[in-house]
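Breakdown of the fold
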Amino acid sequence: MRVESRIRHQGCSSMPEYPKGVSSDEEKSMQESETKALFSVIGMTCSACAGSVEKAIKRLPGIKEVAVDVLKDRTQEETIRQTIEDIGFKATLIEETANQKCILVCRIRIVGMACTSCSGAVESVLKLVPGVQRARVALATGEAEVKCDPKLLSCKELLQAIDDIGFEAIIVGTGESRNKIQLKVDGLYNENNMQMIVSSLEGQPGIQDIHVEAELHKVSISYLADVTGPRNFIRVIESTGSGHFKATIFPERGGRGTHKQEEIIQYYNSLLWSLVFSIPVFLTSMIFMYIPVLKDGLDMKIVNMLSIGEVLRWALSTPVQFIIGRRFYAGSYKALRNGSPNMDVLVALGTNAAYFYSVYSVLRAASSPNFKSTDFFETSSMLISFILLGKYLEVLAKGKTCQAITKLMDLAPETAILLTLDDEGNVTKEEEIESQLIQKNDVIKIIPGAKVACDGFVIWGESNVNESMITGEPRPVIKRKGDAVIGGTFNENGVLHIMATKVGSESALSQIVRLVESAQMAKAPVQKFADRISKFFVPLVVFLSFSTWLAWFLAGKLNAYPKSLIPSSMDSFQLALQFGISVMVIACPCALGLATPTAVMVGTGVGASQGVLIKGGQALESAHKVECIVFDKTGTLTIGKPMVVETRLLKSMALREFYEMVAAVEVNSEHPLAKAIVEYAKKFREEEESNVWPEVKQFESITGQGVMAVVRNREVIVGNKHLMLKKNVAIPVSAENFLEETEGFAQTGILVSIDHELVGVVAISDPVKPEAQEVISILTSMQIKSILVTGDNWGTAHAVAKEVGIGTVIAEAKPEVKAEKVKDLQALNFVVAMVGDGINDSPALVAADIGMAIGAGTDIAIEAADIVLMKSNLEDVITAIDLSRYTFRRICLNYIWALAYNLIAIPVAAGALFPSTGICLPPWVAGAAMAASSLTVVCCSLLLKNYRRPKKLDALELQGLTVE
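In this text the structure is predicted, and so the values were computed from the model without any measurement.

Reading across the sheet, the three strands line up as E19-E18-E21 and stay open at both edges, with antiparallel pairing between neighbours. Since the sheet does not close on itself, it has two edges, and those belong to strand E19 (477-479) and strand E21 (490-491), each with one partner.

A separate point is the state of the cysteines. Covalent bonding between the sulfur atoms of two cysteines defines a disulfide. Scanning all chains against the criterion turns up one disulfide. The side chain of Cys 106 participates in a disulfide bridge whose partner is Cys 155; the two sulfur atoms lie 2.3 Å from each other. In this structure, the disulfide formed by Cys 106 and Cys 155 twists by about -60 degrees around the S-S bond and is classed as left-handed. Of this pair, Cys 106 sits in strand E4 (residues 104-111) while Cys 155 sits in helix H6 (residues 155-164), and the two are 49 residues apart along the sequence. Cys 155 matches Cys 106 in its accessibility class, with the two residues each being buried.

Looking now at helix H12 (residues 326-337). For H12, spanning 12 residues, the distance from its first C-alpha to its last is 17 Å, which sits close to the expected 16 Å at 1.5 Å a residue. Count one or two residues on from H12 and you reach Gly 339, which has phi positive near 70 degrees.

Right, let's talk about the pattern of salt bridges for a bit. Scanning the entire structure with this criterion turns up 20 salt bridges. Residue Lys 127 is joined to Glu 123 by a salt bridge in which the shortest nitrogen-to-oxygen separation is 3.2 Å. Here Lys 127 and its partner Glu 123 are both found in helix H5 (residues 116-128), four residues apart, which amounts to about one turn of the helix. Using a relative accessible area of 49% as the deciding quantity, one classes Lys 127 as partly exposed. Judged by its relative accessible area of 13%, Glu 123 is buried. Here Asp 442 makes a salt bridge to Arg 231, at a shortest N to O gap of 2.6 Å. Of this pair, Asp 442 sits in the loop between strand E15 (427-434) and strand E16 (443-446) while Arg 231 sits in helix H8 (residues 230-239), and the two are 211 residues apart along the sequence. Linked through salt bridges whose partners overlap, the residues forming this network are Arg 107, Arg 109, Arg 134, Arg 136, Glu 143 and Glu 145.

Per the UniProt annotation, the sites labelled "transmembrane region" (unreviewed entry) are residues 270-291, 311-329, 341-360, 380-397, 536-555, 575-595, 895-915 and 921-944. Span residues 311-329 is 95% helix and 0% strand, its end C-alpha atoms 24 Å apart. Between the C-alpha atoms that bound residues 575-595 the distance is 34 Å, and the span itself is 90% helix and 0% strand.

Burial along strand E8 (residues 180-186) is one-sided: Ile 181, Leu 183 and Val 185 are buried, and none of Lys 180, Gln 182, Lys 184 and Asp 186, which face the opposite way, are. By the bridge criterion, five bridges tie E8 to strand E10 (residues 218-223) in an arrangement that is antiparallel. Considered in E10, the bridge of Lys 180 is made with Ser 222. One ladder, built from four bridges, connects E8 with strand E11 (residues 246-249); its direction is antiparallel. Considered in E11, the bridge of Asp 186 is made with Lys 246.

A few words on the packing of helix H32 (residues 875-909) against helix H34 (residues 923-942). For any two helices packed against each other, one specifies the crossing angle of their axes together with the interaxial distance. As a packed pair, H32 and H34 sit with axes 9 Å apart at the nearest point and diverge in direction by 170 degrees. In terms of orientation, H32 and H34 fall into the roughly antiparallel class. For the pair H32 and H34, contact is made by Arg 890, Leu 893, Asn 894, Trp 897 and Tyr 901 and by Ala 926, Ala 929, Met 930, Ser 933, Thr 936, Val 937, Cys 940 and Ser 941, respectively.

Our focus in this paragraph is the side chain of Thr 596. By the element assignment, Thr 596 lies in helix H20 (residues 589-609). The exposure class assigned to Thr 596 is buried, which follows from its relative accessible area of 1%. A polar contact is formed between the side chain of Thr 596 and the side chain of Tyr 895, at a distance of 2.9 Å.

Below, the discussion takes up the packing of aromatic side chains. Geometrically, a pair of aromatic rings is defined through the distance of the ring centres and the angle of the planes. The tally for this structure, following the rule as stated, stands at 24 aromatic pairs. With centroids separated by 5.4 Å and ring planes inclined at 65 degrees, the aromatic side chains of Phe 579 and Phe 914 adopt a geometry described as edge-to-face. With Phe 579 in helix H19 (residues 572-586) and Phe 914 in helix H33 (residues 914-917), the pair connects residues that are 335 residues apart, well separated along the chain. Given a relative accessible area of 0%, Phe 579 falls into the buried group. Note on Phe 914: relative accessible area 3%, which makes it buried. The rings of Tyr 357, Tyr 360, Phe 376, Phe 546, Trp 549, Phe 553 and Phe 573 are connected pair by pair, giving a single aromatic cluster. Cation over ring: Arg 327 sits above Tyr 267, and NZ or CZ is 4.5 Å from the ring centre.

So, how was this worked out
- Residues numbered from 1 in each chain as written.
- Predicted model: local features only at pLDDT ≥ 70, side-chain atom pairs only at ≥ 80, totals over all residues.
- Heavy atoms only, no water.
- Pairing = 2+ DSSP bridges.
- Helix = DSSP H or I, 4+ residues; strand = E, 2+ residues; numbered from the N terminus.
- Disulfide = S-S within 2.5 Å.
- Buried < 20%, exposed > 50% of the residue type's maximum accessible area, 1.4 Å probe, protein only.
- Expected span 1.5 Å × (residues − 1).
- Salt bridge = Lys/Arg side-chain N within 4 Å of Asp/Glu carboxyl O.
- UniProt positions renumbered as here; feature names shortened; annotations may be inferred.
- Axes fitted to C-alpha atoms, helices over the stretch in contact; angles between N-to-C directions.
- Parallel < 35°, antiparallel > 145°, perpendicular 65-115°, else oblique.
- Contact = heavy atoms within 4.5 Å.
- Polar contact = N/O pair within 3.5 Å; in protein donor to acceptor, adjacent residues only side chain to side chain.
- Phe/Tyr/Trp six-rings, centres within 6.5 Å; stacked < 30°, edge-to-face > 60°.
- Lys NZ or Arg CZ within 6 Å of the ring centre and 35° of its normal.

Here is the structure:
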């Protein structure tokens, strides 16, 4: 696809000398020039994709204008091909498959990342792999999301790239998993058995790809869900080889929850063993020295000045330093090899300095009859213990930031009741199966108190279903025959039989999980601040640490401070070493790195639990700046369920015939008004079981105006006044008067012409949402301006605007006009949000700084939006903005704490207070402070879970103004 962008280049600030005769306009053009660039973009499939590209480019500095054309390349390619064939040659587009290729999305868990330096190094390496289009690494989740071309590289190559820089990588999932299942096959004895199974599966219709891991007895099958399903594969496998094989769902391992639990257990065990050795070291050096009997025993000499206490401390601290603390050596090696030093480097340097100086001191005491040694073994062992304690508490806290996703995933039931029906629809068999084995068009029984196993629709029964866990709507919704149900919701009192329509990763629940996961991967712009600091933080700390040691050491040698300040157990060198080590281990880059991602994770999770799906840190951060909101009318300010309230025929014809013709055309449109007309038309044929309308030809939809087609060899046009005038259809005075009447009642008048003659007017009413007026009032109190932009007529638009309290109205606006209005507001330096639900809203949703789509809207609108309001309640617009403001305040608080901690702690650790107060921080205390800093940031982010939406909205709900 094609992207054209115009880039403005500013002249330099100093005024150059121009030749005589150059006009001021020419001077200006020489100072300020524009460059036009043309790019080919692969992977865009619709206008929503094009809009997303346009929005991303517009945010770049210096961009004046951007135009994205989805169809341009196809038009040019086809024109070139046709031109070649016109002159007598045959042409085939050999790059056509490239345009149609799918993008592989790999989710990879990365083990061993300690701070933003690590995540930045991994992200940089992944971006350099040929074929990678985008790579995002999230420190808070320990995961990477990579979009790549599967024809150029595989997931294994990505894993190898990560492994080459020293981190362990595990595939969590790929974009291929949409219709993919993994089966474990028991009863295999050799490779011939597996080949036999693969051959049997390859002969089945609908199978796209088979991947075998023989050592695990694992078969991964990609398939077309509309054609086949997992139960068919199990049946084929078990019928192969005389029934010797047994196939089951491959047990899921390494899931997000499992991985977190394993990490917690690892840190717990390391901490426990560290304490087993470190506590005796601490006791022998700090406590037992004040107990005479024990002190005498520990001070007994073994060789020269080497005492029993020193040998004990050496023996006990060595396993802590090199076995339990080996993770810091490994982390340091990886970081230094990648040129991105991190916290592990600081810990390794600090503990090594303390440990090896102590070893030197002990060895010198053993070889000298006069040297009185002072060791720091308790510093190295206790420092590692406190850091492990901090890490253990940190992973516990970080695990809680992922609870939103865990809770969503737990909504899906493990088993389901599969019904077998005969030709007459009677149940002949009930069978309990794993929910992963459900296939499309299966009939599933949902008993009272059970969860709905998959998305589908009710074919029998009636019950109240609690959908609050998915949509946030607190009230149960009654479900009858024909009603849609969502997987993971709770059936309260009746028995339902449902037909499965979307299963596995295609279900609404899985899509929400993927959306939240993707949102938590996306970095907020404010995160760039921490990324910039992390690049030079560790080298700076090492420099400060060395400078601190050198300054105190030289000060001691030059007698710059009284000798009485030096503790009796130390000399000036040891005091300087203690200060240097304390500076090195007290600095905390992790707190800065965790400030934004942990808050974004919790914030998006809280939003999801309240029915507000926020697509990443960019949207979460931008929403708090919103100053103006542009509302669509139909389905946004109104309920979105329009109804025909009056019909005015202008020619002599039967009402049934009139609606037959109109419904035949409108049934091909997705517009809510079209659906209202079709539903009303059904009332005239209630005696007929079939709702098949007359065949139409040459159907055409004119966005923002109406539709037209040929029905029974007669041209039918259904739309607004603009469409009729455009098609030269005369509008009589009686029709004009009726339109004015409908507009006065906030109704929409739809004109109908047959063979270019106006035959009738249909009045449609779409009631305003009960909460709309109060929501607009609350937004006004939040200093946010509201504007109504609609494709409806002026009369109806003004009536609705007056009812809800909006002063600025733009009516009869086509989709491009809506987008232009958004751009006009942005040109006035407004941060603009757009709230809509239809296809015609998608350009404006993309153009806006923040696009909010009503959850009941079209897929294209939801795709184009930055925030999806699942409950379709207007009050969630306020919730989204308020949550964004609350989260951004928390991010700022995290940064203030992280920066203030380092700015205060480093000077204190360097001994700034020591000359005046005698206060100094032992290195192990400094390490404890560093661990506490990261933990504080994570806990501060976790407080977001206590977020409550504004009290005004609770009052709104108590008044009963929210929509069911």
